[in-house]
Amino acid sequence: MIAFALLGLCVVAETLLELCYKRAADAGNGVAGALMHPLTWLGIGLWAVQAVAWIFTLRVLPLAIAYPVNCLTYVTVPLAGWLVLREKLSPRQLWASVLIASGVALIAGRTA
């Protein structure tokens, strides 16, 4: 069970770090400005948290299970972009997210 909690932490950290990077990139002033933005550095910190959680996850789960579940970020990042950044999601993107989440549920369900 702890392995899936660690995987959840990986997904949440990845989602949040992508939001941080996007906000920093949208702040303007090019790459140099984005690198100076505090959200960029928060994103880098979240990346470090994710990396550590991922290493611990791989100690207890096979890669064939962990990696597909970690791909939930293909669902959570666009959803967070829609909820937080007010980005648009097409019906095709929503349908793809449902398919991805269904596939992850099938893979994760084999070990739960």
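Residues numbered from 1 in each chain as written. Predicted model: local features only at pLDDT ≥ 70, side-chain atom pairs only at ≥ 80, totals over all residues. Heavy atoms only, no water.

This brings us to the overall build of the chain. Each helix and strand counted, the chain has 6 helices and 0 strands in total. From first element to last, N terminus to C terminus, the chain shows the α and β order α-α-α-α-α-α. If you line up the chain on its principal axes, its C-alpha atoms span 45 × 35 × 15 Å. A total of 112 residues make up the chain; the buried ones form 30% of that total. The contacts of the chain with a sequence gap of at least 6 include a subset with a gap of at least 24, amounting to 69%. By element, 72% of the accessible surface of the chain is carried by carbon and sulfur atoms, the whole surface being about 7300 Å². When the 7 basic and 4 acidic side-chain charges of the chain are each reduced to a single mean position, those positions are 8 Å apart. (Helix = DSSP H or I, 4+ residues; strand = E, 2+ residues; numbered from the N terminus. Buried < 20%, exposed > 50% of the residue type's maximum accessible area, 1.4 Å probe, protein only. Contact = heavy atoms within 4.5 Å. Areas by Shrake-Rupley, 256 points an atom, 1.4 Å probe, with all protein chains shown as cover. Lys, Arg positive; Asp, Glu negative; His and termini not counted. Charge placed at Lys NZ, Arg CZ, Asp CG, Glu CD.)

With that out of the way, let us pick up helix α4 (residues 63-70). If you check which residues of α4 are buried, you get Ile-65, Ala-66, Pro-68, Val-69 and Asn-70. Packing partners of the buried residues in α4 comprise α1 (2-26), α3 (38-60), α5 (73-84) and α6 (91-109).

This part takes up the state of the cysteines. In the structure shown here, the tally under the stated rule is 0 disulfides. Cys-10 provides the cysteine sulfur closest to Cys-20, a residue in no disulfide bond, and the two sulfurs are 16 Å apart. Its sulfur unpaired, Cys-71 is 12 Å from the next cysteine sulfur, which belongs to Cys-10. (Disulfide = S-S within 2.5 Å.)

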